[in-house]
Amino acid sequence: MARFWETQLIRPIWLHDGSWLATLGDCGRVLLHRFAEGEKGPELDNALKALIGAAEAGRPEDIAFAERQVRLFFEVRALL
């Protein structure tokens, strides 16, 4: 079971709509609520897998990797 969902990102992720993501859990909720229906693709899959891995392990390098994957997803969707 993932224990580290409330772990802070290295740098918060600010979106064009003014919202921001500060934790692994914030990222997961936004990805699942806003994009899980219809917005399929490798970037979303990679971001979700990285988030789950980071939330399970809690290691700084996993958190940094997950943050990069989430940023990449939002950059591809032009939302950053």
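Every value quoted in this text rests on a predicted model; they were computed, and no experiment measured them. (Residues numbered from 1 in each chain as written. Predicted model: local features only at pLDDT ≥ 70, side-chain atom pairs only at ≥ 80, totals over all residues. Heavy atoms only, no water.)

Comments concerning the overall build of the protein
Right, on to step 1. Helix and strand counts for the protein stand at 3 helices and 2 strands.
Right, on to step 2. In summary, the protein has a C-alpha radius of gyration of 11 Å against a globular reference of 12 Å for 80 residues, a match within 12%.
Right, on to step 3. Summarising its shape, the C-alpha atoms of the protein cover approximately 30 × 25 × 20 Å along the three principal directions.
Right, on to step 4. Burial status across the protein gives 39% buried among its 80 residues.
Right, on to step 5. Here the protein has roughly 4,800 Å² of accessible surface; of this, 57% comes from carbon and sulfur atoms.
Right, on to step 6. Positive and negative charge centroids in the protein, built from 10 and 12 side chains respectively, lie 2 Å apart. (Helix = DSSP H or I, 4+ residues; strand = E, 2+ residues; numbered from the N terminus. Rg over C-alpha atoms; globule rule 2.2 N^0.38 Å. Buried < 20%, exposed > 50% of the residue type's maximum accessible area, 1.4 Å probe, protein only. Areas by Shrake-Rupley, 256 points an atom, 1.4 Å probe, with all protein chains shown as cover. Lys, Arg positive; Asp, Glu negative; His and termini not counted. Charge placed at Lys NZ, Arg CZ, Asp CG, Glu CD.)

With respect to the confidence of the model for the protein
Right, on to step 1. Mean pLDDT over the protein: 90, with 94% of residues reaching 70 or higher.
Right, on to step 2. The secondary-structure element of the protein with the lowest mean pLDDT is helix α1 (residues 24-35), recorded at 92, while strand β2 (residues 20-23) shows the highest, at 96. (pLDDT = per-residue confidence, 0-100.)

Focus: the nonpolar core
Right, on to step 1. Counting 20 residues, the largest nonpolar core has I13, L24, L31, V70 and F74 as the members making the most contacts within it.
Right, on to step 2. Only β1 (8-14), α1, α2 (42-57) and α3 (60-76) provide two or more residues apiece to this core.
Right, on to step 3. Not counting the four nearest positions on each side in its chain, L24 is found in contact with F4, W5, T7, L9, L51, A54, A55, I63 and A66. (Core = buried A, V, L, I, M, F, W, Y, C linked by side-chain atoms within 4.5 Å. Contact = heavy atoms within 4.5 Å.)

Some details on the pattern of salt bridges
Right, on to step 1. Under the counting rule described, the total for this entry stands at 5 salt bridges.
Right, on to step 2. A salt bridge links D17 to R34; its shortest N-O distance comes to 3.1 Å. Of this pair, D17 sits in the loop between β1 and β2 while R34 sits in helix α1; the two residues are 17 residues apart in sequence, bridging distant segments of the chain.
Right, on to step 3. Classification of R34 by relative accessible area gives partly exposed; the value is 41%.
Right, on to step 4. Residue R59 pairs with D62 through a salt bridge whose shortest N-O separation is 2.7 Å.
Right, on to step 5. When its relative accessible area of 18% is taken as the criterion, D62 is described as buried.
Right, on to step 6. Sharing partners across several salt bridges, the network here consists of R59, E61 and D62. (Salt bridge = Lys/Arg side-chain N within 4 Å of Asp/Glu carboxyl O.)

A short note on the environment of F74
Right, on to step 1. As for its placement among the helices and strands, F74 is situated in helix α3.
Right, on to step 2. The spacing of F74 and W14 is 60 residues in sequence and 9.9 Å in space, taken between C-alpha atoms.

Here's the deal with the environment of E61
Right, on to step 1. On the secondary structure map, E61 appears in helix α3.
Right, on to step 2. Considering only alpha carbons, one finds E61 and H16, 45 residues apart in sequence, at a separation of 27 Å.

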